[in-house]
Amino acid sequence: MNRREIRFAGGALLVAASLAGCSDTAIVGSVLDADVATGKEQIQLALARGSNSEVTDIMTVGNGYKWIVLAGTDDILNDGTAGSEEEWSVGNWDPETLNSIWEQGMEGSWSGLKVVNNALDGFEPDRFPLTPIVARGYLNAAHSERLLGDFFCELAYGFDHTGGLDLDNLGDSEFDNAPVGKDSTFQRMATFAELAVAQAERALAAGEPNPANEGVLSDGHFDPERLVYASHAAAAQAYHALASLGVDEGANWAMAVQHAAMVPTDFVEVTIHDQLVEINELWDISWDNDDVTLYSEADAGRPEGFFGVPATFQWPTDPRVQIQDCTMNSSGCRSDESEGEDFPMWVPLKYPDSGADDEMVTGTEMRLIEAEEALVNRGDLTDFYDLVDVVRTFYGAGLTARPAVVGTMEWPNAEDDAMSILDRERYLTLWMEGRRLFDLHRWNHPFITDNEGLIQRHDDLLAATTRRSCAPIVESECSLNPNVQSSCSTAPPAG
């Protein structure tokens, strides 16, 4: 990102928590950089809570990260009638629409590193290597990089863990802000996650207490044991992405499963929303609006045999597919029909209210990373199906059938080979978490390559464009950064 875009006005950092303890999302004041050096744990914790909010903000800026990302996948039926909403439905994202997500993603990553930079000023040298606050800073940077890497085809940076804009304590770095691919973003993520793991494990081994005890949900973000699990999980995600992209596959698969194995199946790490300040945008566009529905219906006239959301059509009884039909139960629903085609509003029980939190890592995803490694790296069908069944058992689904062939992806899913089972399990386990687009990208999935539609009126849009699996560099970066001009077009690069 161009350096001028992420400066803090007036040399001050916004503090998204009061020093006395309040919501992570309520901006109550500011603190000058000069004051950080005199502030100990209390002020460092407040600044770290501000970084937590920067990560949450990625989900809420603009039209909402999940609406934009999910619109181009088979997670939801995006039935908004605005021209931009229709374009999103075929993965045709306008670079200007994406400015806020790009900028906030960069700010989320940078703010996590700023937490570390602040701690170098605010803690004594013997305390800095042990505080859980530093682990949270690195982990916030890792989470932000994953959100960026899952969505954008290329990115451009002016900072990393060794320095950059206003991070002098971390070392000196020079960047040309040139475009880099997804592999570079996930390598950054792996670096930040590994630093978080090391810091969290030192804190846990030293018996460090949780520095946050204000009685709010986000206190758990600073618990050393939870930080160990969350950081290992983020590292597993990063190495899994790198292996999937063909980067040093043997080594990265090994690192992915090594880190995944450290995370319990029931573990969950979330970004925390506040019903009064930063609501869950996916709740807003479904329950509290009529733009998105989870409706599906048989249609023999379509090549797929149905239109709508595969989850609710193919696996409506799976415990991971829980919806409320607003035509049958209007409690909590603003509308019983969607905006464009008057489809029945089916809304997600996964996000039932405005304060529902967004999952960043889960233990069940770790089991699926291990399962995928067993299948594609070692060709071990037994281990693969055993790990899939760990996940299914956790959610209360029945044991899976075990086709004895590796096979390939298809859309819709015929569930007739191991790759199709993997596709199904990641789809249902991570449904509406914003992970599907990168899966479709890295698998070169037929939903993308065959240019399939979800609503009849979108067939016309797909006739004129090709469905995309990632988003282009945004308009604001193209305007400010001369080093990305070769990548600035409405069509993202291949791969």
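Residues numbered from 1 in each chain as written. Predicted model: local features only at pLDDT ≥ 70, side-chain atom pairs only at ≥ 80, totals over all residues. Heavy atoms only, no water.

A.B. asks: Describe the overall build of the protein chain, with residues and values.
C.D. replies: Helix and strand counts for the protein chain come out as 18 helices and 14 strands. Compactness check: the protein chain gives a C-alpha radius of gyration of 22 Å against a globular reference of 23 Å for 495 residues, within 12% of the reference. Principal-axis analysis of the C-alpha atoms gives the protein chain an extent of 70 × 50 × 50 Å. Out of the 495 residues in the protein chain, the part that is buried amounts to 60%. By sequence separation, contacts in the protein chain at least 24 residues apart represent 72% of the contacts at least 6 residues apart. (Helix = DSSP H or I, 4+ residues; strand = E, 2+ residues; numbered from the N terminus. Rg over C-alpha atoms; globule rule 2.2 N^0.38 Å. Buried < 20%, exposed > 50% of the residue type's maximum accessible area, 1.4 Å probe, protein only. Contact = heavy atoms within 4.5 Å.)

A.B. asks: Hey, could you go over the nonpolar core for me, with residue numbers and the actual values?
C.D. replies: Counting residues in each nonpolar core, the largest one holds 106 residues, and the members touching the most others are Phe-151 and Phe-152. Here the element with the most residues in this core is helix α8 (residues 224-244); it accounts for 12 residues. Excluding anything up to four places from it in sequence, Phe-152 contacts Leu-98, Ile-101, Trp-102, Lys-182, Cys-470, Ala-471, Pro-472 and Val-474. Counting residues in hydrophobic clusters, the runner-up holds 13 residues, among them Phe-384, Val-388, Ala-418 and Ile-421. (Core = buried A, V, L, I, M, F, W, Y, C linked by side-chain atoms within 4.5 Å.)

A.B. asks: Can you tell me about the state of the cysteines, naming the residues and giving the values?
C.D. replies: Scanning the entire structure with this criterion turns up 3 disulfides. Here Cys-153 is linked by a disulfide to Cys-470, with a sulfur-sulfur distance of 2.0 Å. Here the disulfide of Cys-153 and Cys-470 is right-handed, its torsion about the S-S bond being about 100°. In this pair, Cys-153 sits in the loop between α6 (132-151) and β4 (154-155) while Cys-470 sits in the loop between α17 (458-464) and α18 (475-480), placing the two residues 317 residues apart along the sequence. (Disulfide = S-S within 2.5 Å.)

A.B. asks: Tell me about the packing of aromatic side chains, residues and numbers included.
C.D. replies: Each aromatic ring pair is specified by the distance between its two centres and by the angle formed by the two planes. In the structure shown here, the tally under the stated rule is 18 aromatic pairs. With a centroid separation of 5.6 Å and an interplanar angle of 65°, the aromatic rings of Tyr-229 and Phe-267 are classed as edge-to-face. On the criterion of sequence distance, the pair formed by Tyr-229 in helix α8 and Phe-267 in the loop between α9 (249-260) and β8 (268-271) is long-range, its members being 38 residues apart. Since its relative accessible area comes to 23%, Tyr-229 is described here as partly exposed. Since its relative accessible area comes to 5%, Phe-267 is described here as buried. Taken together, a centroid distance of 5.2 Å and an interplanar angle of 35° make the contact between Phe-307 and Phe-343 tilted. Taken together, the positions of Phe-307 in strand β11 (residues 306-308) and Phe-343 in the loop between β12 (323-325) and β13 (346-348) put the pair 36 residues apart, joining distant regions of the chain. When its relative accessible area of 7% is taken as the criterion, Phe-343 is described as buried. Pairwise contacts between aromatic rings join Tyr-65, Trp-93, Trp-102, Phe-151 and Phe-152 into one cluster. In this arrangement the basic side chain of Arg-188 is found over the ring face of Tyr-157, its NZ or CZ atom lying 3.5 Å from the centre. A cation sits over an aromatic face here: Arg-188 above Phe-159, 5.1 Å from the ring centre. (Phe/Tyr/Trp six-rings, centres within 6.5 Å; stacked < 30°, edge-to-face > 60°. Lys NZ or Arg CZ within 6 Å of the ring centre and 35° of its normal.)

A.B. asks: Account for α6, with residues named and values stated.
C.D. replies: Compared with the 28 Å implied by 1.5 Å per residue over 20 residues, the 29 Å span of α6 between its first and last C-alpha is a close match. For α6, the buried fraction is high: 20 of the 20 residues fall into the buried class. (Expected span 1.5 Å × (residues − 1).)

A.B. asks: Report on the layout of surface pockets, specifying residues and quantitative values.
C.D. replies: Of the voids in this model, the largest pocket is the one considered here, and its volume is about 290 Å³. Residue lining of the largest pocket: 20 residues in total, with Lys-350, Glu-359, Tyr-395, Thr-429 and Glu-433 positioned closest to the centre. Those elements that provide at least two residues to the lining of the largest pocket are β14 (358-362), α12 (363-377), α13 (381-395) and α14 (418-429). (1 Å grid on protein atoms, 1.4 Å probe; cavity = no way out; pocket = protein on both sides within 12 Å on 5 of 7 lines; lining within 4 Å. Points joined across faces, edges and corners; volume = space filled by probe spheres on them.)

A.B. asks: A description of empty space enclosed by the protein should follow, citing residues and the corresponding values.
C.D. replies: Enumeration according to the criterion identifies 2 cavities of 30 Å³ or more in this entry. Space inside the second largest cavity adds up to approximately 50 Å³. In terms of lining, the second largest cavity is formed by Asp-74, Pro-310, Gln-314, Trp-315, Glu-410, Trp-411, Pro-412, Asn-413, Asp-423, Arg-424, Tyr-427 and Arg-436. When contributions to the lining of the second largest cavity are tallied by element, the ones reaching two or more residues are α11 (310-314) and α14. Tallying contributions element by element places α14 first for the lining of the second largest cavity, with 3 residues. Taken together, the residues of the lining of the second largest cavity sort by class into 5 nonpolar, 2 polar and 5 charged. (Nonpolar A, V, L, I, M, F, W, Y, C, P; charged D, E, K, R; others polar.)

A.B. asks: Can you lay out the environment of Asp-166 for me, pointing to particular residues and giving the numbers?
C.D. replies: Considering the arrangement of structural elements, one finds Asp-166 in the loop between β6 (163-164) and β7 (180-181). Asp-166 sits in the partly exposed class, given a relative accessible area of 39%. Separated by 52 residues in the primary sequence, Asp-166 and Lys-114 place their C-alpha atoms 8.3 Å from one another.

A.B. asks: Residues and numbers for the environment of Asp-121, please.
C.D. replies: Among the secondary structure elements, Asp-121 is positioned in helix α5 (residues 99-122). Residue classification places Asp-121 among the partly exposed residues on the basis of a relative accessible area of 37%.

A.B. asks: Kindly report on the pattern of salt bridges, identifying the contributing residues and their values.
C.D. replies: Tallying each qualifying case throughout the model produces 35 salt bridges. Residue Lys-350 is joined to Glu-433 by a salt bridge in which the shortest nitrogen-to-oxygen separation is 2.9 Å. With Lys-350 in the loop between β13 and β14 and Glu-433 in the loop between α14 and α15 (436-442), the pair connects residues that are 83 residues apart, well separated along the chain. Between Glu-370 and Arg-367 there is a salt bridge, with the nearest N and O atoms lying 2.8 Å from each other. Residue Glu-370 and its partner Arg-367 are both found in helix α12; the two are separated by 3 residues, about one turn of the helix. The exposure class of Glu-370 is buried, given its relative accessible area of 11%. (Salt bridge = Lys/Arg side-chain N within 4 Å of Asp/Glu carboxyl O.)

A.B. asks: An account of unusual backbone geometry is needed here, citing residue identities and associated values.
C.D. replies: Cis geometry is found at the peptide bond from Trp-411 to Pro-412, where omega equals -5°. Considering the arrangement of structural elements, one finds Pro-412 in the loop between α13 and α14. Its identity is not glycine, yet Asn-177 carries a phi of approximately 60°, on the positive side. Within the secondary structure, Asn-177 is located in the loop between β6 and β7. On the basis of relative accessible area, Asn-177 is assigned to the buried category, the value being 10%. Here the phi dihedral of Asn-451 falls at roughly 60°; this positive angle occurs in a residue that is not glycine.

Function cannot be inferred from these measures alone, as they are strictly geometric.
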